[in-house]
Amino acid sequence: QLQASGGGLVQAGESLRLSCVTTRAIGSYDFMGWHRQAPGKQREYVAGITSGGRTGYADSGKGRFTISRDNSKNTVYLQMNSLEPEDTAVYYCNARTVVGLEFWGEGTQVTVSS
């Protein structure tokens, strides 16, 4: 259903853009978001976007991360700037339909070196 990509190894201060492509029409989802899980930690919310384009961010990414969607490409993006070593994690995209069905993609690894 969901395929995330764009992770990699970067140095602190650099940027990455993650992509999440859906096999279903993106309009079938009421909400799409990004979460991350660092080693030894619980998965945490990073950013989300509604079908109406409203966005939300965890405090950790405010001012640095931007979530967006391209309906023509059935893709949601997470632009991450000024990356920090604390951003190192596996990043997952998820999607939720209007009836509450939730889907998760396989993660993409982001590693930020100091």
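Located above this text is the structure these notes cover.
In this text, all values refer to a predicted model and were calculated from it rather than measured experimentally.

1. Looking at the nonpolar core
- Counting 27 residues, the largest nonpolar core has Leu 2, Met 32, Trp 34, Leu 78, Met 80 and Tyr 91 as its most contacted members.
- No other element matches the four residues that strand β9 (residues 89-97) contributes to this core.
- Contacts of Leu 2, omitting those with residues within four sequence positions, involve Cys 20, Val 21, Thr 22, Tyr 29, Met 32, Cys 93, Asn 94, Ala 95, Phe 103, Trp 104, Gly 105 and Glu 106.

2. What to know about the packing of aromatic side chains
- Taken as a whole and assessed by the stated rule, the structure comprises one aromatic pair.
- Look at Tyr 29 and Phe 103: their rings are 6.2 Å apart centre to centre, the planes differ by 65°, and that puts the pair in the edge-to-face class. In this pair, Tyr 29 sits in strand β4 (residues 29-37) while Phe 103 sits in strand β10 (residues 102-104), placing the two residues 74 residues apart along the sequence. Here Tyr 29 matches Phe 103 in class, with each residue buried.
- Above the ring of Tyr 92, the side-chain terminus of Arg 43 is found at 3.7 Å from the ring centroid.

3. Topic: the side chain of Arg 69
- Checked against the element boundaries, Arg 69 lands in strand β7 (residues 65-70).
- We note that Arg 69 is buried and unpaired, the nearest opposite charge coming from Asp 30 at a distance of 7.8 Å.
- Of note is the side chain of Arg 69, whose polar atom sits 3.4 Å from the backbone oxygen of Ile 26.
- Here the side chain of Arg 69 touches Thr 50 through a polar contact of 2.9 Å, landing on its backbone oxygen.
- Discounting residues that sit within four places of it in the chain, Arg 69 has contacts with Ile 26, Gly 27, Tyr 29, Ile 49, Thr 50, Ser 51, Thr 75 and Val 76.

4. Thoughts on the pairing of β4
- Across the nine residues that make up β4, a large majority, seven, are buried.
- Pairing analysis gives six bridges linking β4 to strand β5 (residues 44-50), with the strands arranged antiparallel. Paired with Phe 31 across the strands is Thr 50, a residue of β5.
- The hairpin turn running from β4 into β5, its antiparallel successor, is six residues long, and Gly 40 in that turn takes a positive phi close to 80°.

Calculation criteria
- Residue numbering note: each chain is counted from 1, following its sequence as written.
- At least 70 in pLDDT is required for a residue's local features to be given in this predicted model, at least 80 for side-chain atom pairs to be given and counted, and no such filter applies to totals for whole chains, interfaces and linings, which use all residues.
- Excluding hydrogens and water, the side-chain values take into account all heavy atoms of the structure.
- For our purposes a nonpolar core is just a set of buried Ala, Val, Leu, Ile, Met, Phe, Trp, Tyr and Cys residues, chained together by side-chain atoms within 4.5 Å.
- A 1.4 Å probe rolled over the protein chains alone gives each residue an accessible area, and that area as a share of the maximum for its type sets the label: buried under 20%, exposed over 50%, partly exposed in between.
- A run of DSSP states H or I qualifies as a helix once it reaches four residues; a run of E qualifies as a strand once it reaches two. Both are numbered from the N-terminal end.
- We call two residues in contact when some of their heavy atoms are within 4.5 Å.
- Side-chain rings of Phe, Tyr and Trp, where Trp is taken by its six-membered ring, are said to pair if the distance between their centres is within 6.5 Å; with planes under 30 degrees apart they count as stacked, over 60 as edge-to-face, and otherwise as tilted.
- In our convention, an over-ring charge means Lys NZ or Arg CZ found within 6 Å of a ring centre and within 35 degrees of that ring's normal.
- Charged residues are defined here as Lys and Arg on the positive side and Asp and Glu on the negative side; His and the ends of the chain fall outside this count.
- By salt bridge we mean one thing: a side-chain nitrogen of Lys or Arg within 4 Å of a carboxyl oxygen of Asp or Glu.
- Any pair of N or O atoms that falls within 3.5 Å is considered a polar contact. Within protein, one atom must be able to donate a hydrogen and the other to accept it, and sequence-neighbouring residues count only if both atoms are side-chain atoms.
- Should DSSP find at least two bridges between two strands, the strands are taken to pair.

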